[in-house]
Amino acid sequence: MFKKILIANRGEIAVRVARTCRRLGIAVVAVYSDADATALHVQTADEAYPLGEPPVSKSYLNAEKIIRAALESGAEAIHPGYGLLSENPQFARLCRENKLTFIGPSPEAIELMGDKLAARRLLVSKGVPVVPGYNEPLSNEEEALQTAAELGYPVMLKAAAGGGGIGMASVHGPDELVRLYKECCFRAKSSFGNETVYLEKLVINPRHIEVQILGDKSGTIIHLYERECSVQRRHQKIIEEAPSPFVDDLLREKLVQAAVRSAEAIGYENAGTVEFIVGEDREPYFLEMNTRLQVEHPVTEMITGLDLVHEQLKIACGGLLSGKDMPKPKGWAVECRVYAEDPETLRPSPGLITDLSLPEADGLRIDHGLLPGYKVSAFYDPLLAKEITWGENREQALGKMTVALMKTRIDGIKTNIPLLLKILGDSRFRAGAYDTNLVSRLLVP
Amino acid sequence: MKAVCSNIDGVIAEVKVSVGDVIVRGQEVVNVESMKSIISVVSEIGGVVKEIKVTEGDFISEDDPLIFLE
């Protein structure tokens, strides 16, 4: 096992990865921007290296500086967390060139799955079902209009290099397409440095369900069941649960088989997630693969008893997977993402946390990077904390979650806790009969 | 001169007006990127743009003046 690793991330995920390292006796090197000098992830690390000015382009995305910090500190490996450099093949390559282990898949696998169009083409050839659409980029507005007419509205306009719900838009007619085409290209270019967009058929009232997988050096791929991620706002998840209340044994078998086949197709190594969209016909279609640890990985940990960061570290050290890495799931787990945002308008709410009180209870886990007096910066993602509850069944897990959220106090900024509670109390959510439109329906006054 | 101020902390993503432009009440004048979202700053007043205090990439705080109108 490693003796020292650098965590190239911030916030709750940096704190969470460090927790496993501490348990395993691995020394942790943190990195931080000027805005994060007093952050929890810096305070809990064994050493910390400054990266400079707050914008991510000058700090957490500065690959050279991070590599230099790793080499100077004597770290053997880099854990990228999620977001930031985690799905950047150049960074993974740079680690390799500097003889640092990148705790994640190969740069080649990241590159392939990062190009949504290339991934679609490969998986179609391997018999994995994908959302009906075109596997070629659009070159202009006229071509977009023609392609959309052939597919039939409504369609989904997507950035080829996209992810995390950014750079995509549902389109219901030609006028809307003309209006959104340039905007989508612009967002794709500004967020991902690549303005390529393509079109898929819009799946109506979809569920968003994903499968956690692990792959080792020898080519063995195992799955750790599904996570239900249909509660979203602006195409971003806010509540996840495992198992999915929508998935029966037949659908689960289809999902996990398609996930394992997708990972096998690229010889995937380390932890990854294969995302699917499931329509009213209960057929899963491949959406994308996230070649890293997911934000919502704790729900899988809660039902399997595994520590996915530990699994990642073992695989990165050359460990092989076996049947015991695939325990039978037990009970039900739910995760709520607490965001710094207005619960009605969803507008971000950066600012100073004047007071903080987080509950403790059996079956409750809170992953966060918060401190009283901590300034939630406008430079970064609005995720404040993830509250995860486990119960013998769904009812129990949801009950514990409601109590936990009601007892959570984060003063000084607005949070989405009132919205989360509204969702938890909604009859469709309670019945498990919801799709990705749930939040927008709830927000209509 | 009257100022149009930012309604949020963030980085200027786009300045949508130029000096000399006549703007009306309710018009979007600046886009601010905050916590990975784009937030529009709308002018509460009409007038002629006299001065623009910010350029793309500037970090601004809530209530900072962005443009001055006459």
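This brings us to the overall build of chain A. The secondary structure content of chain A amounts to 15 helices and 20 strands. Its C-alpha atoms give chain A a radius of gyration of 21 Å, near enough to 22 Å, the size a compact globule of 445 residues would have. Judged by the C-alpha coordinates and their principal axes, chain A covers about 60 × 50 × 45 Å. Going through the 445 residues of chain A one by one, you find that 50% of them count as buried. Here the contacts in chain A between residues at least 6 apart in sequence split such that 65% fall between residues at least 24 apart.

Helices and strands together make up the secondary structure of chain B, namely zero helices and eight strands. For chain B, the N- to C-terminal ordering of α and β elements is β-β-β-β-β-β-β-β. Relative to the globule expectation of 11 Å for 70 residues, the C-alpha radius of gyration of chain B, 11 Å, shows essentially globular dimensions. Judged by the C-alpha coordinates and their principal axes, chain B covers about 30 × 20 × 20 Å. Burial analysis of chain B (70 residues in total) assigns 29% to the buried set. For chain B, the proportion of contacts with a sequence separation of at least 24, taken over those separated by at least 6, is 57%.

Further remarks concern the packing of helix α7 (residues 141-151) of chain A against helix α8 (residues 174-192) of chain A. Residue and element names in this part refer to chain A. At their nearest, the axes of α7 and α8 sit 10 Å apart, and the two run at 145° to each other. As α7 runs across α8, the sense of the crossing is right-handed. Two secondary-structure elements touch here, α7 through E141, A144, L145 and A148 and α8 through P174, L177, V178 and Y181. Here the residues of the contact of α7 with α8 sort into seven nonpolar, no polar and one charged.

Residues and elements named next belong to chain A. For helix α1 (residues 11-23), spanning 13 residues, the distance from its first C-alpha to its last is 19 Å, which sits close to the expected 18 Å at 1.5 Å a residue. Every buried residue of α1 is accounted for by G11, E12, I13, A14, V15, R16, V17, A18 and C21. Positive backbone phi, at 75°, marks G25, one or two positions downstream of α1.

What follows deals with the sheet that holds strand β7 (residues 59-60) of chain B. Residue and element names in this part refer to chain B. As summarised here, the arrangement of the four strands in space is β5-β4-β2-β7, forming an open sheet in which the pairing is antiparallel. The open sheet has two edge strands, β5 (37-42) and β7, and neither has a second partner. In the sheet, strand β2 (residues 10-15) pairs with strand β4 (residues 28-34) via four bridges, with the strands oriented antiparallel. Opposite E14, over in β4, you have N31 as the bridge partner.

Of the residues in chain B, 100% reach a pLDDT of 70 or more, and the chain-wide mean stands at 94. Across the interface, the model reports ipTM at 0.86; the global pTM reads 0.92.

For the rest of this paragraph, the subject is the interface of chain A and chain B. Across the boundary between the two partners, chain A contributes eight residues, which contact eight residues of chain B. Taken together, the residues that form the side of chain A that touches chain B break down as six nonpolar, no polar and two charged.

Here we come to the nonpolar core. Counting 138 residues, the largest nonpolar core has I5(A), L6(A), A30(A), I78(A), F276(A) and A333(A) as its most contacted members. Apart from the residues within four sequence positions on either side, F276(A) is in contact with I209(A), E210(A), L255(A), A258(A), P284(A), Y285(A), F286(A) and L287(A). By size, the runner-up hydrophobic cluster in this structure holds 13 residues, among which are V30(B), V49(B), I67(B) and L69(B).

Rules behind the numbers
- Residues numbered from 1 in each chain as written.
- Chains lettered and ligands numbered in written order.
- Predicted model: local features only at pLDDT ≥ 70, side-chain atom pairs only at ≥ 80, totals over all residues.
- Helix = DSSP H or I, 4+ residues; strand = E, 2+ residues; numbered from the N terminus.
- Rg over C-alpha atoms; globule rule 2.2 N^0.38 Å.
- Buried ≥ 20, exposed ≤ 12 C-beta atoms within 10 Å, placed from the backbone.
- Contact = placed C-beta atoms within 7 Å.
- Axes fitted to C-alpha atoms, helices over the stretch in contact; angles between N-to-C directions.
- Left-handed = near helix turned anticlockwise from the far one by under 90°.
- Nonpolar A, V, L, I, M, F, W, Y, C, P; charged D, E, K, R; others polar.
- Expected span 1.5 Å × (residues − 1).
- Pairing = 2+ DSSP bridges.
- pLDDT = per-residue confidence, 0-100.
- Core = buried A, V, L, I, M, F, W, Y, C linked by C-beta atoms within 7 Å.

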